[in-house]
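Reading the structure
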Amino acid sequence: MTQTNNNMTVNPDLAMERAKCNFNVLEVTHIFDGGERNTLQRKKIEDVALNSGASKDALGEEHMSPKEKYENAVRKSCIYATMMKNELAELSGLESFGVSSPVIRRTADAFFKEVSPFLLHLGMFVPTIMGQCTPEQQSYWLPRALDMQIIGTYAQTELGHGTFIRGLETTATYDPETEEFVLHSPTLSSYKWWAGGLGKTVNYCIVVAQLYTKGECHGTHPFIVQIRDEDTHVPLPGIKVGEIGPKMGFNTADNGFLGFDHYRIPREHMLMKNAQVLKDGTYVKVARHGKLTYGTMVFVRVVLVNEVAFNLAKASTIAVRYSAIRRQSKPKPDEVEPQILDYVTQQHKLFIAIATAHALQLCSTWLWESFSAVLAQMKGGNTDTLPEFHALSSCLKAISTSDSAHLIEQCRHACGGHGYMISSGIPNLYNFVSATRTYEGDYTVLLLQTARFLVKAYEQAEAKKPLTPTVSYLAHAFSGSRATWDNSPDGIIRSFQALAAGKTAVCVTNMRKRMRAGLSQVDAWEMSTIQLVAAAEAHCRAVIADTYRKEIVRLTANSSPNVKVVMDQLTTLYLYYWALERTGDLLMFTSVSQKDLVDLQIAYEELLLKIRPNAVGLVDAFDLRDELLHSTLGSYDGRVYERLMEEALKSPMNKEPVSDAYSKYLRPMMKGKL
Ligand SMILES: CCCCCCCCCCCCCCCCCCCCCCCCC/C=C/C(=O)SCCNC(=O)CCNC(=O)[C@H](O)C(C)(C)COP(=O)(O)OP(=O)(O)OC[C@H]1O[C@@H](n2cnc3c(N)ncnc32)[C@H](O)[C@@H]1OP(=O)(O)O
Ligand SMILES: Cc1cc2nc3c(=O)[nH]c(=O)nc-3n(C[C@H](O)[C@H](O)[C@H](O)COP(=O)(O)OP(=O)(O)OC[C@H]3O[C@@H](n4cnc5c(N)ncnc54)[C@H](O)[C@@H]3O)c2cc1C
């Protein structure tokens, strides 16, 4: 039996869930969006971009050939780009359309089940022009890029090197005679590989290459390089470019390869904000910090924390709504089959996904604000806060992408067999988010960057020197006693900090021991990297827990009582969950007892039951329109079985009653005539 709700036929179980939700859903939407104003602005943008139906496909992307999929993605990117130029820019309150607006980015997801071939243009090409050009260069390139007269990408990774940027092999050798750089790919491994949009879409790209002038190598620098004719789009002489082939996801992003055969570009096409080559070939370093050319990567790492929070919110919306309508098994013979959401194990799978989406969303806003502060200081010539920010953005990128990918997969498990359907929406979310763990700095590699900073901070704490804010807890690492366990939110956060401090101390002690035993500093570091990664992970979990808790307390200060309660339950769930995931570490580094942990497990289970009645309300509060979810299982009305059947019937396989394969292969084989 179905019910109608706002002229929509809604599954009765979902209608019942909504009726029993005891908090104001809109208030939580405002918290997630960062305020009522943002919610209103987001809704306006979504209405303009989505109400016309331009985002919809007649045939699902999944039934198209790779070429059709790509062309369809370009078609819709052009529609969306035009909307951005004409209507959305004004609505998003930005002088230049769209760049860095998460709402514009999110709304684009209604157009693409995978991603837009323009993603790298706005995500990295434009930000690199903004961050790495001199003002004169910017005034030339930025208007053309923002107006999409040129489309670009970011080509740094090569076949042979992605992580180790200093090992890139593409060369840019300055020729003072002609005042040009000669770009060259000396080996197969030096071919650029992976850049999104490079395969077929872009006509320009940022190329990162080893700069040679006056016979000396000055390391990697960014250049802006035209690769295709602006009119015909034909690759220019000296350029070898193409698409790299099918991938787990990102199949509408035409990731490409690129090689140069002594290809010449004007001297002015070196991006010269941080370093310059003068006409006569003299190299001049401008920046105060050697790693400012890595700035676009830092920007994207910050953006990705928000990106994965959003995708996790989508997966949890799908899985929670589906779990409310799905009934399975009969634990009590006299009763109807329960909704699977009533199983505590199901709640254990799903509520942490909701809580993590909140934790990462709030951390992403906080990280963005910290980034803005660091940029403002750097404008004034002060780069002192950059090392701490690099350590912070590295670990938050690593942990947020990894946790989100894991929890999205857990949401798929929670949906049983139907979660494996492409039409559920979860496989595409997983394929997209699992790549974020690798690109823009691999998980392990980035955590080791944070570990470098932690070890240095630990040594400063040991020497009683001042510490920067995110590692100030290390000052307590030398008290000589284990941290006192207490199961209040603040107590658990202090325990997480004690774990991070304890793990860092173990690393430092082991490295010193290994060096005393004769290992070099590099080898002692290498031998300790498993533990260094664990220390950086623990540090990051302490930062997320602390930030999530503080932000929720701040943001709910004026909320209605029930919103305060449910937000507090979610934060506490997050803390209990991670304490229970790390019981071994807590036993090592805090005074927690076996009984404390047994009690904590019971408190956690009771919390799941308290959250249960509000679960659908919590995912409704993410306020994700059906167009953004692309899901048969997660749409607002809960008409799951009807939608699964409708989608199945769209399959081209169902077009004819008997497949050609019958007469070609099956029949001959079955009649013994093959
Ligand atoms: C209008 C059109 C509309 C179209 C419609 C559709 C639109 C759809 C899109 C709409 C968009 C809307 C706009 C929104 C825009 C937002 C976009 C959001 C999504 C973005 C997604 C983009 C997709 C991206 C795809 C992937 C791209 C890539 O992967 S690019 C390549 C990235 N590569 C890497 O990350 C490489 C990783 N490696 C490294 O970073 C480094 O090599 C290393 C850090 C690991 C080591 O470096 P190195 O060897 O040089 O250094 P050392 O280890 O020796 O360290 C020395 C010291 O330096 C310190 N250090 C290192 N790095 C940094 C740093 N970055 N900053 C500061 N300091 C640094 C290091 O800590 C050492 O310090 P100490 O010596 O210890 O003090
Ligand atoms: C979908 C997608 C889109 C991409 N888009 C772009 C793009 O637009 N532009 C671009 O330039 N690049 C792009 N990339 C490339 C991406 O940035 C790299 O793949 C990424 O930085 C990882 O580098 P790698 O592939 O060299 O991995 P590797 O460094 O070879 O990593 C392989 C393994 O070795 C380990 N490892 C490597 N170094 C160390 C170390 N020092 N210590 C311990 N372990 C180590 C890693 O942890 C990993 O497990 C994209 C990649 C993907 C998957």
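No experiment lies behind these values; they were computed from the predicted model shown.

Digging into the pattern of salt bridges
Taken as a whole, this structure holds 40 salt bridges when the rule is applied. Among the charged side chains, a network of salt bridges with common partners joins Asp33, Arg42, Lys43, Glu46 and Asp623.

A closer look at the domain arrangement of the protein
The assigned domain composition of the protein is domain 1 (121-287) and domain 2 (443-620). Each of domain 1 and domain 2 was reduced to a C-alpha centroid, and the two centroids are 41 Å apart.

Overview of the sheet that holds strand S10 (residues 256-260)
Spatially, S6-S10-S9 is the arrangement adopted by the three strands of the open sheet, whose pairing is antiparallel. Where the open sheet ends on each side, the last strands, each with one partner, are strand S6 (192-193) and strand S9 (239-243). Examined bridge by bridge, S9 and S10 share five bridges and lie antiparallel to one another. Bridged to Val241 within S10 is Leu258.

Quick word on empty space enclosed by the protein
Any space left empty among the atoms is revealed by the rolling of a water-sized probe across them. Throughout the structure, instances matching the rule amount to three cavities of 30 Å³ or more. The calculated volume of the largest cavity comes to roughly 230 Å³. Lining the largest cavity we find 22 residues, and of these Phe112, Lys113, Glu114, Asn428 and Leu429 sit closest to its centre. Mapped by element, the contributors of at least two residues to the lining of the largest cavity are helix H8 (295-325), helix H11 (426-436) and helix H20 (626-629). Residue contributions to the lining of the largest cavity peak at four residues, all from H11. Looking at side-chain class alone, the lining of the largest cavity contains eight nonpolar, seven polar and seven charged residues. As for the second largest cavity, its lining consists of 14 residues, and the residues nearest its centre are Tyr154, Gln156, Val208, Pro222 and Thr293. Residue assignment for the lining of the second largest cavity shows that the elements contributing at least two residues are helix H6 (119-132), strand S7 (204-213), strand S8 (216-226) and H8. With three residues, S8 is the single largest residue contributor to the lining of the second largest cavity.

Re the site of ligand 2
Neighbouring ligand 2 are 20 residues, the closest being Tyr154, Thr157, Gly162, Thr163 and Asp442. Within the contact set of ligand 2, a nitrogen atom lies 2.7 Å away from a side-chain nitrogen or oxygen of Thr157. Take Gly196: an N or O atom from its main chain is 3.2 Å from an oxygen atom of ligand 2. A class-by-class count of the residues in the shell around ligand 2 yields nine nonpolar, nine polar and two charged. Viewed by domain, the shell around ligand 2 spans two of them, domain 1 (121-287) and domain 2 (443-620), each represented by three or more residues.

Points about the nonpolar core
Tyr80, Phe351, Leu474, Ile544 and Met567 are the most contacted members of the largest nonpolar core, which has 172 residues in total. If one sorts the elements of this core by residue count, H8 sits on top with 19 residues. Counting residues domain by domain, this core receives three or more from each of domain 1 (121-287) and domain 2 (443-620). Ignoring any residue separated from it by four or fewer positions in sequence, one finds Ile544 in contact with Ala359, Leu360, Cys363, Leu396, Ile399 and Tyr574. Grouped together as the second largest cluster of nonpolar side chains are 30 residues, Phe181, Leu198, Val225 and Val241 included.

A look at the site of ligand 1
Taken together, 42 residues lie near ligand 1, and Thr163, Lys291, Tyr294, Arg452 and Lys456 sit nearest. A distance of 2.7 Å separates an oxygen atom of ligand 1 from a polar atom in the side chain of Lys291. The contact in question runs from an oxygen atom of ligand 1 to an N or O atom on the side chain of Gln449, over 3.0 Å. For ligand 1, whose accessible area on its own is 1600 Å², the fraction buried by protein is 89%. Of all the secondary structure elements, the ones that give two or more residues to the shell around ligand 1 are helix H4 (66-91), helix H5 (102-108), H6, H8, helix H10 (386-414) and helix H12 (443-462). Residue classes in the shell around ligand 1 are distributed as 22 nonpolar, 13 polar and seven charged. Viewed by domain, the shell around ligand 1 spans two of them, domain 1 (121-287) and domain 2 (443-620), each represented by three or more residues.

Thoughts on the packing of aromatic side chains
According to the stated counting rule, one finds 18 aromatic pairs in the structure shown. Ring plane angle 55 degrees and centroid distance 6.4 Å describe the contact between Tyr577 and Tyr604, whose orientation is recorded as tilted. With Tyr577 in helix H16 (residues 561-581) and Tyr604 in helix H18 (residues 594-611), this residue pair connects regions lying 27 residues apart in the sequence. As far as burial versus exposure is concerned, Tyr577 and Tyr604 are alike and both buried. An aromatic cluster of three or more residues is present, and its members are Phe299, Trp368, Phe371 and Phe389. Arg18 extends its terminal NZ or CZ atom over the ring of Tyr636, reaching a point 3.6 Å from the ring centre.

Overview of helix H1 (residues 12-20)
Each α-helix winds once per 3.6 residues, and so residues spaced three or four apart point in a common direction. Of the positions making up H1, those classed as buried are Asp13, Leu14, Ala15, Glu17 and Arg18. Two to three positions downstream of the cap, the backbone nitrogen of Asp13 sits 2.7 Å from a side-chain oxygen, assigning the N-cap of H1 to Asn11.

Remarks on the confidence of the model for the protein
Across the protein, the average pLDDT comes to 95, with 97% of residues at or above 70. Here residues 94-99 scores under 50 on pLDDT; set against residues more than four positions off or in separate chains, the count is 17 contacts. Across the predicted assembly, pTM comes out at 0.97 and ipTM at 0.96.

Quick look at the pairing of S7
Among the 10 residues that make up S7, nine are buried, leaving the element largely enclosed by the rest of the structure. Taken together, the four bridges between strand S3 (residues 152-155) and S7 define a ladder with parallel strand orientation. Among the inter-strand pairings, Tyr154 is bridged to a residue of S7, identified as Ile206. Relative to S7, strand S4 (residues 171-175) runs parallel, the two sharing three bridges. Across the sheet, the residue bridging to Thr171 is Gln210, located in S7. Connecting S7 to the antiparallel partner S8 that follows it, the hairpin turn spans two residues, and Lys214 within it adopts a positive phi of roughly 50 degrees.

Rules used throughout
- Residues numbered from 1 in each chain as written.
- Chains lettered and ligands numbered in written order.
- Predicted model: local features only at pLDDT ≥ 70, side-chain atom pairs only at ≥ 80, totals over all residues.
- Heavy atoms only, no water.
- Salt bridge = Lys/Arg side-chain N within 4 Å of Asp/Glu carboxyl O.
- Domains from an automatic or database assignment.
- Pairing = 2+ DSSP bridges.
- Helix = DSSP H or I, 4+ residues; strand = E, 2+ residues; numbered from the N terminus.
- 1 Å grid on protein atoms, 1.4 Å probe; cavity = no way out; pocket = protein on both sides within 12 Å on 5 of 7 lines; lining within 4 Å.
- Points joined across faces, edges and corners; volume = space filled by probe spheres on them.
- Nonpolar A, V, L, I, M, F, W, Y, C, P; charged D, E, K, R; others polar.
- Near = heavy atom within 4 Å.
- Polar contact = N/O pair within 3.5 Å; in protein donor to acceptor, adjacent residues only side chain to side chain.
- Core = buried A, V, L, I, M, F, W, Y, C linked by side-chain atoms within 4.5 Å.
- Buried < 20%, exposed > 50% of the residue type's maximum accessible area, 1.4 Å probe, protein only.
- Contact = heavy atoms within 4.5 Å.
- Areas by Shrake-Rupley, 256 points an atom, 1.4 Å probe, with all protein chains shown as cover.
- Phe/Tyr/Trp six-rings, centres within 6.5 Å; stacked < 30°, edge-to-face > 60°.
- Lys NZ or Arg CZ within 6 Å of the ring centre and 35° of its normal.
- pLDDT = per-residue confidence, 0-100.

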